[in-house]
Amino acid sequence: MKSWRVGVHKRSLGQAEGDVSEHARVQLRGRHTLAGFALPEVLISMGLTLPVVLSVIVLLIVTTEQQALCEQQLIMEQDAQFALEVIARTIEQAGHRDMLDSETWPPSGSAVATVPPVTGWDNASMTATSNPLNGPVVAGLMGSDVLIAHFAGTGLLNCAGLALPAQSNGAADVGYSVFYVARGAANEPELRCKYPSTTSWVSEPLIAGVETLQFLFGVDRDADGRSEEHTSELRH
């Protein structure tokens, strides 16, 4: 009798455990079925997060534009510094001649004998093939000026960074550097450099995007080292 009761008791426990496990599985399945978001919850979440996402996108666009603007400004500053250095170097060596050269200055029979070291034209320009020693041929772009400097000496550089060519007739080496503004191939204004080669004049672009070039010359009339007057055009 005792063993029979024990057996019944064991089966009862097994049934109870099975019932509990089945009940737990039913509860788990029920919970799994009820998990997720309803459509109103999704719409509310999108409405709350959308302004944040749009703000991040706008911030990214503004940051990208500011970075591009800073890069363009840096390039402009570097171009302007380069142009000022080239023009300053050209003006400093205007009228220079090697003192060790045995030739006379200016070279006899040369057109340079009548050209001053520095010449400035107000509101003037030229074409790529015109001779700047003959004077301006067109009006300056947006009132831009023209600067002409000439010099002589072995090792001196013109506005394009090229050394002066040696003269075949034994005269002193003579170089010219001409700065002016004209439109380039893409119809964009640019600062150009013109210099003579062995056969003709060569014009090369220095910096693109330069709209105007202005010079103001100080004139020392009494040779006391101070300028008594200032002019935008310097012709002799």
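Residues numbered from 1 in each chain as written. Predicted model: local features only at pLDDT ≥ 70, side-chain atom pairs only at ≥ 80, totals over all residues. Heavy atoms only, no water.

Within the protein, the regular secondary structure consists of two helices and seven strands. Counting helices and strands in the order they occur from the N terminus, the protein gives α-α-β-β-β-β-β-β-β. By residue count, 28% of the 236 residues in the protein fall in the buried class. Contacts in the protein between residues far apart in sequence, at least 24 positions, make up 51% of those at least 6 positions apart. Counting every atom, the protein has about 15,900 Å² of accessible surface; 60% of that belongs to carbon and sulfur. (Helix = DSSP H or I, 4+ residues; strand = E, 2+ residues; numbered from the N terminus. Buried < 20%, exposed > 50% of the residue type's maximum accessible area, 1.4 Å probe, protein only. Contact = heavy atoms within 4.5 Å. Areas by Shrake-Rupley, 256 points an atom, 1.4 Å probe, with all protein chains shown as cover.)

What follows is about the pairing of strand S2 (residues 146-151). Across the six residues that make up S2, a large majority, six, are buried. Alternating positions in S2 separate into two faces, Val146, Ile148 and His150 on one and Leu147, Ala149 and Phe151 on the other, with burial throughout. When strand S1 (residues 118-121) meets S2, the two strands line up antiparallel, connected through four bridges. When the sheet's bridge partners are listed, tryptophan 121 is paired in S2 with valine 146. Where S2 and strand S3 (residues 175-183) come together, five bridges link them in antiparallel fashion. Residue pairing across strands places histidine 150 opposite tyrosine 176, the latter belonging to S3. (Pairing = 2+ DSSP bridges.)

With that settled, the discussion passes to the sheet that holds S1. Ordered by their spatial adjacency, five strands build an open sheet running S1-S2-S3-S4-S5, and the pairing between neighbours is antiparallel. Looking at which strands have only one partner, the edges of the open sheet turn out to be S1 and strand S5 (201-208). For this sheet, the mean angle separating the axes of adjacent strands, direction not counted, is 20°. With six bridges connecting them, S3 and strand S4 (residues 189-196) associate as antiparallel partners. Note that in S4 the partner of phenylalanine 179 across the bridge is cysteine 193. Against the sheet, helix H2 (residues 39-92) engages S2, S3, S4 and S5, with an angle of about 140° to S5. (Axes fitted to C-alpha atoms, helices over the stretch in contact; angles between N-to-C directions.)

Although it is not a glycine, asparagine 123 sits at a positive phi angle of roughly 50°. Positionally, asparagine 123 belongs in the loop between S1 and S2. Overall, asparagine 123 belongs to the partly exposed group, its relative accessible area being 38%. Although it is not a glycine, methionine 142 sits at a positive phi angle of roughly 55°. Topologically, methionine 142 is positioned in the loop between S1 and S2.

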